[in-house]
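Each chain, letter by letter, is given below.
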Amino acid sequence: MGRGTRTVDLELEARIEVLRDTKQKYENIVALMKVFVDHFTMMCQTQKVLAEAFGELAGKSQDLQEEFQFNGETQFVLSKNGESLLAAVNFFISGMHTLCSKTMDDTLTTVKRYENSRVEYDAYRAELENLKLAPRTESNLNKQAQAQLNFSKHKDIYERLRADVGVKLQFLDENRVKVMQKQLLGFHNAIVAYFAGNQQQLVATLKQFNIKLGTDTSRPSWLEKNGADP
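Model, not experiment: these values are computed from the prediction. (Residues numbered from 1 in each chain as written. Predicted model: local features only at pLDDT ≥ 70, side-chain atom pairs only at ≥ 80, totals over all residues. Heavy atoms only, no water.)

A. View of the pattern of salt bridges. A full pass over the atoms with the stated rule returns 12 salt bridges. Of the charged contacts in the structure, one is a salt bridge between Arg-20 and Glu-115, with a shortest N-O distance of 3.2 Å. Placement of the pair is Arg-20 in helix 1 (residues 10-60) and Glu-115 in helix 2 (residues 65-133), with a sequence separation of 95 residues. Given a relative accessible area of 34%, Arg-20 falls into the partly exposed group. Residue classification places Glu-115 among the buried residues on the basis of a relative accessible area of 14%. Across the pair Arg-125 and Glu-129 runs a salt bridge, and its minimum N-O distance is 3.4 Å. (Salt bridge = Lys/Arg side-chain N within 4 Å of Asp/Glu carboxyl O. Helix = DSSP H or I, 4+ residues; strand = E, 2+ residues; numbered from the N terminus. Buried < 20%, exposed > 50% of the residue type's maximum accessible area, 1.4 Å probe, protein only.)

See below:
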């Protein structure tokens, strides 16, 4: 097939580029959030162990019982609140992962098909243009007729996929805004409540966004069982 100029839809190309750039930036946020989870999980685990250590010493040190006990309680509450914050962060990561790896990828799959169809459309268009310039022999006229059929077929495919991409980009953008508004609000409310020490607001945020704790908090710790003992 012949070679010719590349068909370009500047507006659509710009929208596709924005999608690819946005996906890359969102994936970077997910990667950073995962690092945050790793470090914060370690801190929460350490706080829980520290609470146990303080609690045990409270039961064995009559002269410092009160001091060990309230330090143990503080570390225990921090670890519990940390688990709630981790649940909110993991909820954020899950939502972002779905948006990037499923919703955006689905649109980009259609984009790939569109780009492939454009290459084929340009190739058949160039072939037809070259045959129109060739000597009008019977052989060339037959080739031109076949080329015209191929061109029309691939033009239809190209235009249909171009329209599909436009529609999917529009729906994706609307869905992206809704998803990100929810995810960002939930993350903001949870992290502000955690660092403000507002346990009630933190719990309320989990309930508001239907976030389930990822760890088993039903089993009482040593501190819960013994911390209130004199």
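B. Just the environment of Phe-92, in detail. Mapped onto the secondary structure, Phe-92 falls in helix 2. Separated by 20 residues in the primary sequence, Phe-92 and Gly-72 place their C-alpha atoms 30 Å from one another. Residues in contact with Phe-92, not counting those within four places in the same chain, are Ile-29, Met-33, Gln-183, Leu-184 and Phe-187. (Contact = heavy atoms within 4.5 Å.)

C. Representation of the nonpolar core in the model. Judged by nonpolar contacts, the single largest core of 43 residues is most densely connected at Ile-16, Tyr-26, Val-89, Met-104, Tyr-114 and Val-165. When contributions to this core are tallied by element, the ones reaching two or more residues are helix 1, helix 2, helix 3 (138-195) and helix 4 (199-208). At 18 residues, helix 2 tops the list of elements feeding residues into this core. Tyr-114 has contacts with Asp-9, Leu-12, Glu-13, Ile-16, Tyr-158, Leu-161, Arg-162 and Val-165, leaving out every residue within four places of it along the chain. (Core = buried A, V, L, I, M, F, W, Y, C linked by side-chain atoms within 4.5 Å.)

D. Structural view of the packing of helix 2 against helix 3. In the contact formed by helix 2 and helix 3, the axes pass within 7 Å of each other and the chain directions differ by 165°. The angle between the axes of helix 2 and helix 3 places the two elements in the roughly antiparallel class. Seen along the crossing, helix 2 lies across helix 3 with a hand that is left-handed. (Axes fitted to C-alpha atoms, helices over the stretch in contact; angles between N-to-C directions. Parallel < 35°, antiparallel > 145°, perpendicular 65-115°, else oblique. Left-handed = near helix turned anticlockwise from the far one by under 90°.)

E. Summary view of helix 2. Across its 69 residues, helix 2 extends 98 Å between first and last C-alpha, which sits within 8% of the 102 Å expected from 1.5 Å per residue. Of all bends in helix 2, the biggest is about 40°, found at Asp-105. (Expected span 1.5 Å × (residues − 1). Bend = angle between axes of the 7 residues up to and from the residue.)

F. Structural detail: the environment of Gln-65. With respect to the secondary-structure elements, Gln-65 resides in helix 2. According to the relative accessible area criterion, Gln-65 is buried, its value standing at 17%. Remark: the alpha-carbon pair of Gln-65 and Val-177, spanning 112 residues in sequence, is separated by 53 Å.

G. Representation of the packing of helix 1 against helix 2. At a closest axis distance of 7 Å, the pairing of helix 1 and helix 2 adopts a crossing angle of 160°. Taken as axis vectors, helix 1 and helix 2 run roughly antiparallel relative to one another. Judged by the sense of rotation from one axis to the other, the crossing of helix 1 with helix 2 is left-handed.

H. Highlighting unusual backbone geometry. With a phi close to 55°, Asn-210 is a non-glycine residue in the positive phi region. Within the secondary structure layout, Asn-210 lies in the loop between helix 4 and helix 5 (222-226).

I. Region of the structure containing the side chain of Thr-205. For Thr-205, the position within the fold is in helix 4. The buried category is assigned to Thr-205, whose relative accessible area is 0%. Every residue in contact with Thr-205, bar those within four places of it in the chain, is listed here: Gly-186, Asn-189 and Ala-190.

J. The side chain of Thr-7, seen in detail. Mapped onto the elements, Thr-7 comes out in the segment before helix 1. Classification of Thr-7 by relative accessible area gives buried; the value is 18%. Side chain to side chain, Thr-7 and Asp-122 meet in a polar contact 2.4 Å long. A polar atom in the side chain of Thr-7 sits 3.5 Å from the side chain of Arg-125. In contact with Thr-7, other than residues within four places in its own chain, are Arg-118, Tyr-121, Asp-122, Arg-125 and Tyr-158. (Polar contact = N/O pair within 3.5 Å; in protein donor to acceptor, adjacent residues only side chain to side chain.)

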